Amino acid sequence: MPENPQPPQPLHPLALELLTPPRPLALELRVHGVHGAPPDELLGDPRTVRITGDSTAAVFRRAADVDAEAHPEWYAGRPVVEAYCWSRLTSGNGSRALWLLLLPFMVVNLAHWARPAAPATGPAPCAVRTYGVLVRALALSLTLLLIAAACEVALDLFAWQCAGSGACTGSRSWLGFLEPGGWWGQPGRRLALCALVPAALTGLLWYLSNRTWSAYESQSPPADTTVPAAGPDGTPALGRPGFWYGRRIVARLRAAHTAAGLLIVAAAVAAPTARYDRRAGGPVLEALGWAVEAALAAGAVAVAWVVCRRGRTEDRPDHRLDRAAITLLPGSALALLTAVLLYAGWSRPGWTSTGRLPGDFAFGVLMLGQGCCVLLLAAVAVRLYRLAPDPATALYGLGGPAIAMLGCALGGVMTGGVAQRVADWLDGGASPSSAGAPVPAPPVLLSWQAAVLPPLLLVLALLAAWFAVRGVLERRRLAAGVAAEYPGEPPDENRSRRIAGARAAAALTDSAPWFVAAVSGITLLLGAGALAGAWLSGQVPGEAVRGTHPLLETAARAAQDAGSWLIGLGIAAFVAWGRRAYRDPAARRTIGVLWDVGTFWPRAAHPFAPPCYAERAVPDLTWRMTGWTGRTGGRLVISGHSQGSVLAAAAVWQLPPQVRRRVALLTYGSPLRRLYGRWFPAYFGPRPLAALHADIDCWRNLWRATDPIGGPVLPPADTTPAGPAAPTAPSPADSVDRGPLADPLAYGRSARYPLPAPILGHFDYQADPAFAAERDALLARLAGPARRARSRPTGLDATPAPRSAAALPAPPVTPALPVTPAPATPAVPGPRVSRTSAAPEGSEGPEASADPPGTGG
């Protein structure tokens, strides 16, 4: 042993770097909102590469970051940025502009998801199932209404009225082969021929639903991933494994609605034919008519049973199909329609067509049934709300019935408007139902529906004016304190007024529920009045009040004429908008924005609604996060803007626990609580969002007072509503919400901001310094020692975690103005559910054979 040992020499920096294990890679996965920013804009680089996905939805990176996993040392202190682009799911090719025709179906499908939150025990499950049955019944009535309107145009106006009138066919040579005297001149044969039009419409709806399901909703979990198992009753619905895999319910409802459409066409042909046979057709044809009507009644019962018997099953991916229902039901309806057309085409030489087909009663029954269903739905919603009251819920639980009422009103206006316009075209210069008109015109109820449109528009104009006045008064109140939020800046009255105006306009979003309530309530009352007037008088409004007070008579006739013209203009604008969207990509993108909000939810009530893009987007995001973290052992923050934040939260809900501990959530401009939490409390209410916070504690949400869509995601500790307070200090580490952020970043011109800073509102959150600061802080928190110990790969991960994962230092928070801390919400402890492997599609194992009652209503 040497007498004077030498102290160890420090290693060369290069050798030290080679011996130090590399830090795990960090990834930021960005999800855009409804405006669908392209990947180069999301990533800030014109050179982007598609990493995974197809032309419809894909994940992109900068070209320089393609091989980031092979060189993690290049990204020390900064994350790799990816962008998930899903805009083409809703605004792709021009044919999707035709989805405008499906607007009523989309609205009534939203009513299914807008039910109030309710406890999982006691009488709530029965009430939830009743709510789902009523919404599905309303959805079926809208399909019947659409096909009945097509029958009204094709069978009543053309085949029965116009073809039976020489004055109508004389000026239209292309209808000459339908005139009485020829082979097609018999009414039964004319009806059979024109019935092909509504039957083809039914087939088109079936085709579109089946095609979009194949592209959007047929996603199956990969065989090597795990999904959350069916947990206790307290598990949030969006965390259930079968929430985004509703193949069974869509297929069954599609079969039922297709069969219902074919049956309504068969009934429209069979009813006048059987009525004539009972009068002059002979015993054979009379018996055949009774048999046909009995078969139609049996088909109607079968359709009602299939629609009402079961809702969604969300506790597991529902891949097993009801083969008997989806094959036999529409097939039998098609066979019955074919038999009815052959029955109607039998020769009946003495049969002539006069008057109208019996359509008044059918439309009246549909309208009455819709009104009764809406009232029953409201009663069930009130009961559910009383079981678990939440003042933040829109309309105290009546949001779903109000949305359903709007869907029925849209369906009535659109279908009745088409019939009115076709009747006016066939009448030439005559008025509907007037003496000497070539055709008697459509059912009287449609004229009454048109007559209530002007009063409804007048009420809407008054409501809009009232909200505008409120906005002006609120702007004046807020303008007084804007300058004080920017210390050291000289007051500027015009600047303060503009900032206050943006805040006041953003606050109007919170008044939307009452606007919807007013429109729905007035629509229900006016619809009831129209139905009563049509059934009691049997005449159009102008004729029904003839001989009364001159003022009433003038108002009724003016409302009838104005309503008919307004419907005509609305239908023309509707068609023009859709045609423009087919040719103009910018307009097509605008229409796509509408569906971004309305088609987030699966088709649980109406199978012919526009497809649910989230059934493609949420699994995409879930599988990307699961696969990347399992392969690299790295940290990931998923950042979502606007509607992208809803997709991000839904994807995080689906993650297994071992993946969720490596993932942080950053939302900005998020409608999670402000819109989704109020209108869909059963899925995004305070309890589900608090449970999400308990499961993923690395969560930050940025919001501004000038944002009309985004806001805080968790309710404050106190329930006192707060106004747009001045930003003061950063949020504490254990809270979620940070805001309101300063907007604009600078009040006036300064050395740092020589040009006026814009009011950003809902956009450009990434331009705020708080965005990068919070993102880096989340990544640093994911790299902490405690979380690294909890995040060791287990089961799911194919690659072991790196040997060392040194924490990144949290960057200093330096916003342009200090921000107000959002009060921390105590986390609601939820059960940690176990995870089981997903059964492959088509499996018939013990889990697949189980058939629990619908958990989603």
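Now for a quick tour of the structure. (Residues numbered from 1 in each chain as written. Predicted model: local features only at pLDDT ≥ 70, side-chain atom pairs only at ≥ 80, totals over all residues. Heavy atoms only, no water.)

### Observations regarding the overall build of the chain
Part 1: Helix and strand counts for the chain come out as 28 helices and 10 strands.
Part 2: Here the chain holds 857 residues, and the buried ones make up 53% of them.
Part 3: In the chain, the share of contacts with a sequence separation of at least 24, taken over all contacts with a separation of at least 6, comes to 82%.
Part 4: For the chain, the exposed surface amounts to about 36100 Å²; the carbon and sulfur share of it is 65%. (Helix = DSSP H or I, 4+ residues; strand = E, 2+ residues; numbered from the N terminus. Buried < 20%, exposed > 50% of the residue type's maximum accessible area, 1.4 Å probe, protein only. Contact = heavy atoms within 4.5 Å. Areas by Shrake-Rupley, 256 points an atom, 1.4 Å probe, with all protein chains shown as cover.)

### Description of the pattern of salt bridges
Part 1: Per the stated rule, a full pass over the model turns up 20 salt bridges.
Part 2: Put simply, arginine 30 and glutamate 28 hold a salt bridge, and the shortest N to O gap is 2.8 Å. The pair formed by arginine 30 and glutamate 28 is uniform in burial state, with each residue classed as buried. (Salt bridge = Lys/Arg side-chain N within 4 Å of Asp/Glu carboxyl O.)

### Some remarks on the packing of aromatic side chains
Part 1: Tallied over the full model, the rule gives 27 aromatic pairs.
Part 2: With a centroid separation of 5.2 Å and an interplanar angle of 65 degrees, the aromatic rings of tryptophan 113 and tyrosine 683 are classed as edge-to-face. Remark: tyrosine 683 occurs in helix α24 (residues 681–684) and tryptophan 113 occurs in helix α3 (residues 103–113); sequence separation between them is 570 residues. Exposure class is identical for tryptophan 113 and tyrosine 683. Each is buried.
Part 3: Here the aromatic residues Trp86, Trp113, Phe243, Trp244, Phe600, Trp601, Tyr613, Trp653, Tyr676, Phe680, Tyr683 and Phe684 are joined through ring pairs into a cluster of three or more. (Phe/Tyr/Trp six-rings, centres within 6.5 Å; stacked < 30°, edge-to-face > 60°.)

### Some thoughts on the nonpolar core
Note that soluble globular proteins tend to have their nonpolar side chains buried in a common cluster.
Part 1: Counting residues in each nonpolar core, the largest one holds 157 residues, and the members touching the most others are Trp244, Phe600, Trp601, Ile638, Leu647 and Phe684.
Part 2: In terms of residue count, the dominant contributor to this core is helix α4 (residues 124–162) (22 residues).
Part 3: With residues near it in sequence (within four places) discarded, tryptophan 244 still touches Leu238, Phe600, Pro602, Cys612, Ala614, Glu615, Val618, Ala650 and Gln654.
Part 4: Judged by nonpolar contacts, the second largest core, of 14 residues, contains Cys698, Phe771, Leu778 and Leu779. (Core = buried A, V, L, I, M, F, W, Y, C linked by side-chain atoms within 4.5 Å.)

### Digging into the packing of α4 against helix α6 (residues 187–194)
Part 1: Two numbers describe how α4 lies on α6: the axes approach to 9 Å, and their chain directions differ by 145 degrees. Relative to α6, α4 is oriented so that their crossing is right-handed. In contact with Ala154, Leu155, Ala159 and Trp160 of α4, α6 contributes Pro187, Arg190, Leu191 and Cys194.
Part 2: When its residues are assigned to classes, the contact of α4 with α6 shows seven nonpolar, no polar and one charged. (Axes fitted to C-alpha atoms, helices over the stretch in contact; angles between N-to-C directions. Left-handed = near helix turned anticlockwise from the far one by under 90°. Nonpolar A, V, L, I, M, F, W, Y, C, P; charged D, E, K, R; others polar.)

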